[in-house]
Each structure stands twice: as C-alpha cells, then as structure tokens.
There are 2 protein chains.
Amino acid sequence: MSVTDELLANNAEYAANFTGPLPLPPAKHVAVLACMDARINVYGVLGLHEGDAHVIRNAGGVVTEDEIRSLAISQRLLGTEEIILIHHTDCGMLTFTDDDFKKSIQEDVGVKPAWAAESFTDPGEDVRQSIARIRNSPFVPKKDSVRGFVFDVATGRLNEVE
Amino acid sequence: MSVTDELLANNAEYAANFTGPLPLPPAKHVAVLACMDARINVYGVLGLHEGDAHVIRNAGGVVTEDEIRSLAISQRLLGTEEIILIHHTDCGMLTFTDDDFKKSIQEDVGVKPAWAAESFTDPGEDVRQSIARIRNSPFVPKKDSVRGFVFDVATGRLNEVE
C-alpha cells in the first residue's frame, strides 16, 4: 500500500466525524505564510480550527510572485487583513546554495531552472526580506499587521522577528 | 488585541506540550500541495502528524513556477517520492476571472499584475492541469505517484480525480 493510500484511509475516518460546510471567507481574517517543513503543523502551532485562516506554504516560507498572487486573492476577494509569516530553525533552505542546487539539476537533466531556489543563511533575516517584499508590492493592500516569526523546532515556540 | 496576538497566546499553549525536535526529512516521504482555503486542515484531512509530510499551499492549490521550486527541493534534497494534490468544492478561484481580477487591481492601484491569477471553472479539470504541469516539468524527478483529489467541504471527503 502506498503512503497516499494510507492517508486516504485516514481521510475516511476524518470524514466520518466531519461537520460542514463552513463559510468560504476565513473567520479570523488572517493569512498565514509558512515554510512547507513537515514539522510545522500550522493549525496546531497557532491553535487554528477549520475555517479560521488562509494557509500559504512553500519551501522556506518565502515571498515570490506566487505568494503575492495568493495574498492578493486572500485580501482583495476574501477579506483577510493580517499576515503572519513563519520561518523556522533547522530549515532545509540553510543546507544549500542556489548556485549548487541549480548546477546539480543542470548536470542531471540538462536544463538549469530559470527561477531562484530562494535558499538563505539566516531565517530571521529572510523573514525581514519576506516582510520587505510584501511591503514593496502594490498588489497586497492591507499592511498594518504583517508580522514575522521563527518557529523553534526544538521547543514549538514562535519567536518574533523585530 | 489583534488576531495575531490571540494566535500567539495559542502558541504558548502548544509549546507547553511540545516534544521535539523531530528529523528534518518528512517521515512519510510525501509532499502535499493543497489550496490555501481556510476549511482545509491538511493535517486533519490526511491524518498527518508533525514530521510526516511537506505541505505546500497557495490560492487554488495550483502548480506555478514556485510550486515546481518547492517540489524540486522536496524531492531532490529531502527525499519525498509521492505527491498528493488537493483542490476543493466551493473554491474562491471559481468566483472570478483573471481578466476581471487584474482589471480591478489596475483600477485601484494603477498597475496590472504581470502574473496570471490562475482562476479556474472546474476543480477536477484544474487538478488534471496541475498533474500535467508536474509531469511536464524536468525539475520534479519522481512522478510514479502523483495523484489528485477534490476535497468536499460539505463532507470532509477526498474524491480522487481520474
């Protein structure tokens, strides 16, 4: 049995106890942008429940064009007003450089990605970079509450980046 | 108190019961790509626990360059082998067209986004489009198990797209 099949069996259990549907717009008017890291259970970390918040995630929790797209849709069409950014300690993005990663892909498949891999060397510094990219975008209208954190994978605690 | 502050108070409770750290690579070797919709609690829907799977999310659960970046890092550097795509019923992406959304932004701020908003009219069809984009990318090496689902927000059930 594949892992996918195993997780589908879990879904049958989840559906058996499910009550819905909830409204489409997030009840808490917040969008969270976090790293895809397996150890960050965003709903658990923030005490969220189904229907509370948009959750956007990618490798690193960085802000590229696609996160601006998601945040623009979240704020302009679905009424979110606050943004929470979550990077974390022991991140995979600290373990490589863009140049080496893209060179290894080029060696394997003959094509070098035209995109940045978005590796970084300091999670706090990259949180500040993510905030700067959001502040610099004309497409994200609500910027009064854009706060960033580094999740500590040893303690489960969010530490704010000032 | 802002919603962000309220969620930080929840985090203090989470951290009080936290045991870590777990290993960096996802234990179940799977990456999930889902819509950012507030009603999709990916960990709950799939019965995942901290450390199990990469979770990538955006408006629609679509595959753009940034999701290829995340999947490339997930598979090439952190050992994931299966991909699960999750779109859902009653999606916000069904409620607008790219043209209208981008025109409204242009009218508000004077700048039209150079990116696609990635709206769609049928979640199942867009799941197939997402699978096609992954299959077409040279940067995602493992494609033996790329399966897509539409999450039913009324029942909590994942329905596979064939």
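Just so it is clear, the structure is predicted and the values come from calculations on it, not from any experiment. (Residues numbered from 1 in each chain as written. Chains lettered and ligands numbered in written order. Predicted model: local features only at pLDDT ≥ 70, side-chain atom pairs only at ≥ 80, totals over all residues. Heavy atoms only, no water.)

Visitor: For the interface of chain B and chain A, give the residues involved together with the corresponding values.
Guide: On the side of chain A, 87 residues touch chain B, which itself brings 87 residues to the contact. Taken over both partners, the interface formed by chain B and chain A buries close to 7,300 Å², and the fraction arising from carbon and sulfur atoms is 62%. Taken as a group, Met-36, Arg-69 and Trp-115 of chain B account for 10% of the area that chain B buries against chain A, more than any other trio of residues on that side. Linking chain B with chain A are 6 salt bridges. For the salt bridge of Glu-6 of chain B with Lys-28 of chain A, the shortest nitrogen-to-oxygen distance reads 2.7 Å. In this assembly, chain B and chain A are joined by 47 residue pairs in polar contact (both at pLDDT 80 or more). In terms of residue class, the side of chain B that touches chain A is built from 47 nonpolar, 20 polar and 20 charged. (Contact = heavy atoms within 4.5 Å. Buried area = accessible area lost by both parts, 1.4 Å probe. Salt bridge = Lys/Arg side-chain N within 4 Å of Asp/Glu carboxyl O. Polar contact = N/O pair within 3.5 Å; in protein donor to acceptor, adjacent residues only side chain to side chain. Nonpolar A, V, L, I, M, F, W, Y, C, P; charged D, E, K, R; others polar.)

Visitor: How would you summarise helix α4 (residues 98-109) of chain A if you had to cite specific residues and measurements?
Guide: Here α4 of chain A is 12 residues long and its end C-alpha atoms lie 16 Å apart, about the 16 Å a rise of 1.5 Å per residue gives. Along its buried surface, α4 of chain A packs onto α3 (65-78) of chain B. Phi for Gly-110 of chain A, located one or two positions after α4 of chain A, is positive at around 85 degrees. (Helix = DSSP H or I, 4+ residues; strand = E, 2+ residues; numbered from the N terminus. Expected span 1.5 Å × (residues − 1).)

Visitor: Tell me about the relation of the copies chain B and chain A, and name the residues and values.
Guide: When chain B is fitted to chain A, the best match, at an RMSD of 0.0 Å, comes from turning it 180 degrees and sliding it 0.0 Å along the axis. The superposition operator between the copies reduces to a two-fold rotation axis. Every residue of chain B has its C-alpha some distance from the rotation axis, and the shortest such distance is that of Arg-57 of chain B, at 2.3 Å. Of the residues that chain B buries at the interface, 100% are likewise interface residues in chain A, meaning the two copies contact each other through the same surface. (Least-squares fit on C-alpha atoms with pLDDT ≥ 70 in both.)

Visitor: Explain the environment of Asn-159 of chain B to me, and be specific about the residues and the numbers.
Guide: Residues and elements named next belong to chain B. Topologically, Asn-159 is positioned in strand β5 (residues 158-160). With a relative accessible area of 38%, Asn-159 lands in the partly exposed category. Beyond its immediate chain neighbours, meaning those up to four positions away, Asn-159 contacts Gly-148, Phe-149, Val-150 and Asp-152. (Buried < 20%, exposed > 50% of the residue type's maximum accessible area, 1.4 Å probe, protein only.)

Visitor: So what's going on with the packing of helix α3 (residues 65-78) of chain A against helix α4 (residues 98-109) of chain B? Residues and values would help.
Guide: Relative orientation of the contacting elements α3 of chain A and α4 of chain B amounts to 80 degrees, with a least axis distance of 12 Å. Comparing the axis directions of α3 of chain A and α4 of chain B gives the class roughly perpendicular. From α3 of chain A, Ala-72, Ile-73, Arg-76 and Leu-77 of chain A reach across to α4 of chain B, where they touch Phe-101, Ser-104, Ile-105 and Asp-108 of chain B. For the contact of α3 of chain A with α4 of chain B, the residue count by class is 5 nonpolar, 1 polar and 2 charged. (Axes fitted to C-alpha atoms, helices over the stretch in contact; angles between N-to-C directions. Parallel < 35°, antiparallel > 145°, perpendicular 65-115°, else oblique.)

Visitor: So what's going on with helix α5 (residues 123-135) of chain A? Which residues, and what values?
Guide: Residue and element names in this part refer to chain A. For α5, spanning 13 residues, the distance from its first C-alpha to its last is 18 Å, which sits close to the expected 18 Å at 1.5 Å a residue. Listed in full, the buried residues belonging to α5 are Pro-123, Gly-124, Asp-126, Val-127, Ser-130, Ile-131 and Ile-134. Down the axis of α5, the buried side of the element spans an arc of 160 degrees, and every buried residue falls inside it. Considering only its buried residues, α5 is in contact with α3, β3 (82-88) and β4 (145-151). One side-chain oxygen at the N-terminal end of α5 lies 3.1 Å from the backbone nitrogen of Gly-124; it belongs to Asp-122. (Arc of directions from axis to C-beta.)

Visitor: Tell me about the packing of aromatic side chains, residues and numbers included.
Guide: Under the counting rule described, the total for this entry stands at 8 aromatic pairs over all chains. Ring geometry for Phe-18 of chain A and Phe-151 of chain B: centres 6.1 Å apart, planes at 90 degrees, overall edge-to-face. With one member in each of two chains, Phe-18 of chain A in the loop between α1 (3-16) and β1 (30-35) and Phe-151 of chain B in strand β4 (residues 145-151) form a pair that bridges those chains. For the ring pair Phe-139 of chain A and Trp-115 of chain B, a centre distance of 5.5 Å and an interplane angle of 90 degrees mean the geometry is edge-to-face. You can see Phe-139 of chain A sitting in the loop between α5 and β4 and its partner Trp-115 of chain B sitting in the loop between α4 and α5 (123-135), one on each of two chains. For the residue pair Phe-139 of chain A and Trp-115 of chain B, the accessibility class agrees, reading buried in each case. Put simply, the rings of Tyr-14 and Phe-18 of chain A together with Phe-151 of chain B touch in pairs and so form one group of aromatic residues. (Phe/Tyr/Trp six-rings, centres within 6.5 Å; stacked < 30°, edge-to-face > 60°.)

Visitor: Talk me through the state of the cysteines; I want residue IDs and the actual numbers.
Guide: Residues and elements named next belong to chain A. Applying the stated criterion to the full structure yields 0 disulfides over all chains. Cysteine Cys-91 is unpaired, with the sulfur of Cys-35 as its nearest cysteine sulfur at 4.1 Å. Accessibility expressed as a relative area gives 3% for Cys-91, which makes it buried. (Disulfide = S-S within 2.5 Å.)

These figures capture arrangement, not role.
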